[in-house]
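# Summary of the model geometry
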Amino acid sequence: MAISFNLNGKQAMADVAPDTPLLWVLRDTLGMTGTKFGCGKALCGACTVHLNGQAVRSCQTPIGSVAGQKVTTIEGLAANHPVKKAWVALDVPQCGYCQPGQMMQASALLANNKSPSDADIDAWMSGNICRCGTYPRIRAAIKAAAKA
Amino acid sequence: MENIKMTARRDFLKATAAVGGGLSLGFYLPGASKVAEAQAATHSPNAWIKIGTDNSVTIMCARSEMGQDVYTSLAMLIAEELEVDVNKVKVEFAPPAEAYINALLGGQITGGSTSVRDAWEKLRKAGASARMMLVGAAAAQWNVDAAQCKAVGGAVTGPGGKRATYGQLAESASKMEVPKDVPLKPNAEWKQIGNMKQKRLDTPAKVAATATFGIDVRVPDMLYAAVAMPPMIGGTVASYDDERAKNMPGVKAVVQYSRGVAVVADSYWQAKKAKDLLEISWNEGPNANNDMRKVWGGMRDAAAQPGAVFREHGDADGALGSVAKLYEATYELPFLSHSPMEPMNTVAHVRADGATIITPTQFQQLVPFVVAGATGLKPEQINVITTFLGGGFGRRVEVDYTIDAAEISKAVGAPVKMVWSREDDMTHDSYRPGGIYKVKMGVDAAGKLVAYRYHGTSPSISSRLFPSIVKDGIDPFSVEAIDNFPYAVPNHKLTYQMFDAGITPGYWRGVSHNQNCYVVEGFIDEVAHALGKDPIQFRIDNLEYSEEKHKWSGLSAGQAVGGRMKRVLEDVKAKSGWGAKLPDGKGRGVAVMEGYNTVMAAVVDVTISKNYDVTVDKVTYSVDAGPLIHPDQAAAQVESSTIFGQSAALYGEITVKNGGVEQMNFDQYRVVRMNEAPKSIAIHWIPAAKDQPPGGLGEPATAVVTAAIGNAIFSASGIRVRRLPFSPENIKAFADPRHTMKPTNL
Ligand code: FES
Ligand code: FES
């Protein structure tokens, strides 16, 4: 049976087994490849999206639990969102692979905390791995976005 | 070093001539609009540049973009001389072709921090030569002397206000003779090289998440493959039962391929769920019972062998028998995984008449040959398209995963995207080899260094991948940053012993610079402290200034560079707060190295807790890397390799049990996270000397920071940790006073 949910403001349908992780529904079924696969075990944050405004790991979110809810992916984060603008201004990405997850995690932080401290950033962002080591720039970009 | 010999069969230049007539070439970047490209006729003055009649300029990027910024920095080199604004060009990844061979590695390979160094003259000349052809075409058209014409901003201007755009000139320019003598701009005239404000050209796509990585590629009618590979290194499939897997929803086929069993389905998740139901029995292969007791036992036995001499002067062994003080130490390094964030994957479409392989690779030139071998096709029938790479770090120099995908596609007769799980990736990596390093230093009564002995034992990577460069028992990629031993010791003997540990060894960011910098810089620090000297001053006082060329340098300069070393050591001393008294639990350590023709010194500040947890607070660098093409991204590479090195230094260790890798995912293979990254990484650049070429920056900090962290731990705690990683367990083990280095007084 098709599962329907709100994806980036539009109705989306997926006719897949309800235990299929949202990550693979986005990437394979709907062709939205901005959300990345890194570990499949909630260890890296590459697959982070917003579910009803909260940052979640889409690799651990069965599509069945998403029916009727609101999902925002990196494609749905506005191009002029302060996080995206700060990421561009500071040239944060290197390989870029982890960055959609980083930006989704960071934008969820800023939605709840208008001026995060270093400790807030550490606590909030430490679930998102970047093997390229862009952490110093991510930190700076979050602070820049907070001021925007 | 001798080049790694590779011959590309397809010649890009020939292809260009054959296509001619204003057609664009038949390759494209996934994600790029083919329609838009087809609209404008393009002309190629050389393999690097395509100019459209619509004035579009496309620059071919012949190195793989894995974060290190070749996409922008290589384009800048061409744009500077071509007289176009790099921000207005389009960049495309080049196909495999002879024109794109990396002269420093002898193949179309991205690695060894060589991209900018190889490109430095070549790409500026390509840009200059195309510009001269455009100017020549304009001059001929206007019937004036070329000297009266000038190229600016993508157009040529001439006497009497004449002006023609590159687009208008492209066709006639591509028929001009290629100039032989191509002078380059003097540095003072650079407008783009060294631009502090230049942005990465790939950032907007990476922020919008429209940049296409291998794992993102979608082609019509594509199926998805999940794979089951042997849990033990070198194992093979004995038999399998796919009854349950075959009947799972979406499953199209279960196929055996050389390395394992693949489930092919309509989506990755369906394939993966079915794969988990396969029942496979394995031929365990030669490493079936391998474990760390065997690995280290074997390594220790190997280390007792004399090894092969790769550098010698005087009589080190003799002198060590009669020095006033003899210091000796043994260092041990673990195996490490690359673990880039994007797991290995490839889209392969093998047909009867050819194949398309779309893949995130660091070695596109090799792919047609291995895929040909796996499919029975000819290399020239195989089209390879390189995507963005979600990290590489040396892992993607290996082409194993392209072979797997090709075999699976061939077996099912459809385009297939094979995606590895993180567990597949971590357990089927090639691993930074572990090793044992024994060193001795003899000091005379006046405190002068008299004799030095180095004996390294580790698996040889090149013996597996490029055996022709291994000679007389020496792998040049095992002796980097030691062949160029930077301290003046009249009697020295450096030896290397290979050992096959049954753990596939691979090139890993920094390669043997990592092992040897830790050993050289850790030990010189020990000797400095033992003699009661300031570690920076002691290094400066003992630098080697002889410029004698050594034989086996891998990607180090192959000679000591005392003057450059002195400069970065003095600079880092001045800028790091060196010498200030630190509170309890805090320490400061230094290390210096030449690698990739970059000389860098680091001072690291650490805090160590009562439980031996180490925090890296601050890293200060002084770096002599010559001219910086894209300064902001040069800094980004140092930041990146610092944190990559820190992950290995504090946490990294791969172990095997029952022949297979034990670590499966990031919970077992810990890497640095946001809360652990240094709060400050300060980089001070030494201005380039006249005509100094650029040094490589993608790797050296990885090695330098590790050694400096170890020395900082000693400064903080008095504990000399001679085994990586600097985990609480290892630090605790070395806190035992039996490990304290006491000189043997002879
Ligand atoms: S892929 Fe979901 S957390 Fe890593
Ligand atoms: S930018 Fe490469 S993993 Fe984060």
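Residues numbered from 1 in each chain as written. Chains lettered and ligands numbered in written order. Predicted model: local features only at pLDDT ≥ 70, side-chain atom pairs only at ≥ 80, totals over all residues. Heavy atoms only, no water.

This paragraph deals with the overall build of chain B. Of regular secondary structure, chain B possesses 20 helices and 28 strands. Reported as C-alpha extents along the three principal axes, the dimensions of chain B are approximately 80 × 75 × 45 Å. Across the 746 residues of chain B, 64% fall into the buried class. Put simply, 76% of the contacts in chain B that link residues at least 6 apart link residues at least 24 apart. Side chains of chain B carry 79 positive and 79 negative charges; the gap between the two charge centres is 2 Å. (Helix = DSSP H or I, 4+ residues; strand = E, 2+ residues; numbered from the N terminus. Buried < 20%, exposed > 50% of the residue type's maximum accessible area, 1.4 Å probe, protein only. Contact = heavy atoms within 4.5 Å. Lys, Arg positive; Asp, Glu negative; His and termini not counted. Charge placed at Lys NZ, Arg CZ, Asp CG, Glu CD.)

Moving on, we get to the domain arrangement of chain A. Residues and elements named next belong to chain A. Taken domain by domain, chain A holds domain 1 (3–76) and domain 2 (82–147). Averaged C-alpha coordinates put domain 1 and domain 2 at centres separated by 20 Å. Listed as interface residues are 15 residues of domain 1 and, on the opposing side, 12 residues of domain 2. Across the domain 1/domain 2 interface, buried area totals approximately 1200 Å², and carbon plus sulfur atoms make up 57% of it. (Domains from an automatic or database assignment. Buried area = accessible area lost by both parts, 1.4 Å probe.)

What follows is about the sheet that holds strand 16 (residues 354–359) of chain B. Residue and element names in this part refer to chain B. The strand order 10-11-8-18-15-16-17 describes an open sheet built from 7 strands, whose pairing is mixed. Every interior strand has two partners, whereas the edge strands, strand 10 (251–256) and strand 17 (382–386), have only one. Strand after strand, the sheet turns through a mean of 20 degrees between neighbouring axes, direction not considered. Pairing geometry for strand 15 (residues 345–351) and strand 16, over 5 bridges, is antiparallel. Residue pairing in the sheet places His349 in a bridge with Thr356 of strand 16. Docked against the sheet, helix 8 (residues 268–275) engages strand 8 (223–228), strand 10, strand 11 (261–265) and strand 18 (416–419), running at close to 30 degrees with respect to strand 8. Sheet strands in contact with helix 11 (residues 367–375) are strand 15, strand 16 and strand 17, and its direction is about 135 degrees off that of strand 17. (Pairing = 2+ DSSP bridges. Axes fitted to C-alpha atoms, helices over the stretch in contact; angles between N-to-C directions.)

Quick look at the interface of chain A and chain B now. Contacts between the two partners involve 48 residues from chain A, matched on the other side by 58 residues from chain B. Overall, the association of chain A and chain B removes approximately 4400 Å² of surface from exposure, summing both partners, and the carbon and sulfur fraction of that is 59%. Residues Lys679 of chain B and Asp122 of chain A are paired through a salt bridge, measuring 3.1 Å at the closest nitrogen-oxygen approach. Across the contact surface, chain A and chain B share 29 residue pairs in polar contact (both at pLDDT 80 or more). If you list the elements that add at least two residues to the side of chain A that touches chain B, you get helix 1 (22–29), helix 2 (82–89), helix 3 (99–112), helix 4 (118–125) and helix 5 (135–147) of chain A. The dominant element in the side of chain A that touches chain B, judged by the number of residues it contributes, is helix 5 of chain A, at 5 residues. The residue inventory of the side of chain A that touches chain B, partitioned by class, reads 25 nonpolar, 11 polar and 12 charged. (Salt bridge = Lys/Arg side-chain N within 4 Å of Asp/Glu carboxyl O. Polar contact = N/O pair within 3.5 Å; in protein donor to acceptor, adjacent residues only side chain to side chain. Nonpolar A, V, L, I, M, F, W, Y, C, P; charged D, E, K, R; others polar.)

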